[in-house]
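What the coordinates show
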Amino acid sequence: MCAQRLAEASEGLDVHVFERRSAPCMRLLLAGRGGLNITHSEASAAFLRRYTGGGAGGERSGGAGAAAAAVEAFGGADAVREFCASLGVETFVGSSGRVFPTELRATPLLRAWMRKLNDLGVHVHYRRRLAGVSTCSEEGVQGSIGLRFEREGSDAARVDELGAAEEGLAWECDALVLALGGASWPGLGSDGAWTHQLADAGRPLLDCSALRPANVGFRAVGEAGADGWGDVFRERFAGAWCKDVRLRFGAESSAGDLVITENGIEGGPVYALGHLLVAALDEGQGAAAAAAGHGGVPAGDAVVLRVDFRPGLSVDALAAKLAPPAASARATEDGSVPKKKKKRKTRSVSERLRRAGVSPVALAMLREAEAAYGYSPEGASEDERAAATIPLSELSRDSRALAAAVKGVPIRLAEAMPLSRAISTAGGVRVGRGRGQVDARTLCVWNSDGEPTGVFCAGEMLDWSAPTGGYLLTASFATGARAAAGVLDFLPVRP
């Protein structure tokens, strides 16, 4: 997006893109396997609140503020759909509000985009791994930004088509836009190595916060504090999908499909609450947070998340559905006793839950919780607290208590899965006015004298995060466009 904006803005600019892999936009192609959820139709104000990180969660400051401002300036979801249409790719809004290309594939979009870049005169170089950056502010002289690349892949010994020696490809430029990604997809090139090259040196170019997993699953606490689920639960439910549930952590909640993994949980609603869960785990979520009214206060080093397996019904409405079959009438209308009394039909708790539309995972998860760590009061409602005083074996006798229990099943979470299992990354280059930080408006990196270096950052390497649902791609497009505008503002003041 940045290269396109720059090439469209001026024919005098010589725009080069250096791609680490042998093909462009590998993350976009990966997203295409799931239909390519490219953006979301959510109202603008709610859309912008999805961006967190680099400051107080959800506030328009730091990395979250910069990402949200870039998305707003870009035009949000409407701009993404217009961009797709300009490439001849039509889009539609799904039932969840997510936006997809009508072909549900990334390939047609990417091919059309690469043709457009080629027509604009953008040069794309493949299998180039960034090995180093030097700016004039570091060298103490006025001049271009120096780049050093190494060949990536099996043909590293070949001679470059431009005639440069393969041991270290050297380039110079007047402005540099870095879009190096996070560290969640090392197989696709996003391995976070740039944090060591550009942020950990003696005089680092970039000021970064630690990269952390975002949009990632969590590991549950099993019996006696063991890692993951118990053997019986894992064997029966690992890989199961629980449709249309609502997760609750403190005052926040998120609805969607919950996925049971070998050792914990993942899925859209987990990702949406992930930044809160990670923060709670990192901070220990102590007494200060409890006093502030957050319901997800952990015991020990874990936090408790609650699952409502029937969010569309109130406790009373669900209790009515879970009530056992009424006893047959014991007398006729005239008061006489029938000759043959019908036998009262009984149903198991599992059958009653199934008939009420509750996933079998709910009862199994209640049993798992009771066996693993007993009652967890964290984040429980009054009804859930009352239900928890009744042993699970006796819940069948009280339909209202059973309803309250399955509308607030506790899961104790021990930790987030590692970065290699994450969909995206939190943390990254900080937004601010300090050395190595980026300007919130232009995304240009500052030097120690408070002057722009001519190096810009865009995409996931900035310190922001967002849930899945099209928000990540939208912000990546938007920060690329924002960086292009910053480059155009910067270049005229160069000597």
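Look up: the structure comes first, before these words.
Rules behind the numbers
Residues numbered from 1 in each chain as written. Predicted model: local features only at pLDDT ≥ 70, side-chain atom pairs only at ≥ 80, totals over all residues. Heavy atoms only, no water. Helix = DSSP H or I, 4+ residues; strand = E, 2+ residues; numbered from the N terminus. Buried < 20%, exposed > 50% of the residue type's maximum accessible area, 1.4 Å probe, protein only. Contact = heavy atoms within 4.5 Å. Areas by Shrake-Rupley, 256 points an atom, 1.4 Å probe, with all protein chains shown as cover. Axes fitted to C-alpha atoms, helices over the stretch in contact; angles between N-to-C directions. Left-handed = near helix turned anticlockwise from the far one by under 90°. Nonpolar A, V, L, I, M, F, W, Y, C, P; charged D, E, K, R; others polar. Pairing = 2+ DSSP bridges. Parallel < 35°, antiparallel > 145°, perpendicular 65-115°, else oblique. Salt bridge = Lys/Arg side-chain N within 4 Å of Asp/Glu carboxyl O. Core = buried A, V, L, I, M, F, W, Y, C linked by side-chain atoms within 4.5 Å.

Our next topic: the overall build of the chain. Scanning the chain from N- to C-terminus turns up 17 helices and 19 strands. Residue burial in the chain is summarised as follows: out of 495 residues, 48% are buried. For the chain, long-range pairs separated by at least 24 residues make up 68% of all intrachain contacts whose partners lie at least 6 apart in sequence. Of the roughly 23,300 Å² of accessible surface on the chain, a fraction of 49% belongs to carbon and sulfur atoms.

Take helix 1 (residues 2–9) next. Of the residues making up helix 1, those classed as buried are C2, A3, Q4, L6 and A7. Elements that come into contact with the buried residues of helix 1 comprise strand 1 (16–18), helix 5 (76–86), helix 6 (107–119), strand 9 (176–178) and helix 17 (471–490).

This next bit is on the packing of helix 1 against helix 6. Packing of helix 1 against helix 6 leaves a shortest axis separation of 10 Å and a crossing angle of 35°. Considering how the two elements wind past one another, helix 1 and helix 6 form a crossing that is left-handed. Of the residues in helix 6, those in contact with A3, Q4 and E8 of helix 1 are W113, K116 and L117. A per-class count over the contact of helix 1 with helix 6 returns 3 nonpolar, 1 polar and 2 charged.

Once that is clear, we can look at the sheet that holds strand 15 (residues 303–308). An order of 11-14-13-12-15-16 is seen for the 6 strands of this closed barrel, with the pairing classed as antiparallel. Between one strand and the next, the sheet's axes are offset by a mean angle of 45°, whatever the strand orientation. Pairing analysis gives 7 bridges linking strand 12 (residues 241–249) to strand 13 (residues 252–260), with the strands arranged antiparallel. Pairing of C242 across the sheet is with L258, part of strand 13. Across the sheet, helix 10 (residues 268–283) touches strand 11 (218–220), strand 12, strand 13, strand 14 (264–266), strand 15 and strand 16 (409–416), and the angle it forms with strand 13 is around 110°.

Packed helices, taken two at a time, are described by the angle their axes make and the gap between the axes. Their axes nearest at 8 Å, the elements helix 12 (residues 315–322) and helix 16 (residues 399–406) cross at an angle of 120°. If you check the angle between helix 12 and helix 16, you find them oblique. In terms of crossing hand, the pair formed by helix 12 and helix 16 is right-handed. Here V315, D316, L318, A319 and L322 of helix 12 lie close against helix 16, whose contacting residues are S399, R400, L402, A403, A404 and V406. Residue classes in the contact of helix 12 with helix 16 are distributed as 8 nonpolar, 1 polar and 2 charged.

Taken as a whole and judged by the stated rule, the model has 18 salt bridges. Two residues, D207 and R430, come together in a salt bridge whose shortest N-O distance is 2.7 Å. Here D207 is found in the loop between helix 8 (194–198) and strand 10 (208–214), whereas its partner R430 is found in the loop between strand 17 (424–429) and strand 18 (444–446), with 223 residues between them in sequence. Taking relative accessible area as the criterion, D207 reaches 23% and is therefore assigned partly exposed. Accessibility expressed as a relative area gives 32% for R430, which makes it partly exposed.

On to the pairing of strand 4 (residues 98–101). Inspection of the sheet shows strand 2 (residues 39–40) paired to strand 4 by 2 bridges, in the antiparallel sense. From the neighbouring strand, H40 faces strand 4, where its bridge partner is R98. The sheet contact formed by strand 3 (residues 91–93) and strand 4 spans 3 bridges and is antiparallel. Across the sheet, the residue bridging to T91 is P101, located in strand 4. Hairpin connection between strand 3 and strand 4: a loop of 4 residues separates the two successive antiparallel strands, and G97 in this loop has a positive phi of roughly 90°.

Further remarks concern the environment of L169. Tracing the backbone through its elements, the reader meets L169 in strand 8 (residues 169–173). Between the C-alpha atom of L169 and that of A131, which follows or precedes it by 38 residues, the distance is 9.1 Å.

We now examine the sheet that holds strand 2. The 3 strands are arranged 2-4-3 in an open sheet whose pairing can be described as antiparallel. The two strands at the open ends of the sheet, each matched to only one other strand, are strand 2 and strand 3.

Bringing the nonpolar core into the picture now. Core analysis: the biggest nonpolar cluster contains 74 residues, and Y51, L109, L178, L206, V429 and C457 have the highest contact counts within it. Apart from residues no more than four positions distant in its own chain, L109 is found in contact with L28, L36, I38, F83, C84, L87 and V89. One finds F218, V358, A364 and V406 within the second-largest nonpolar core, a separate group that totals 52 residues.

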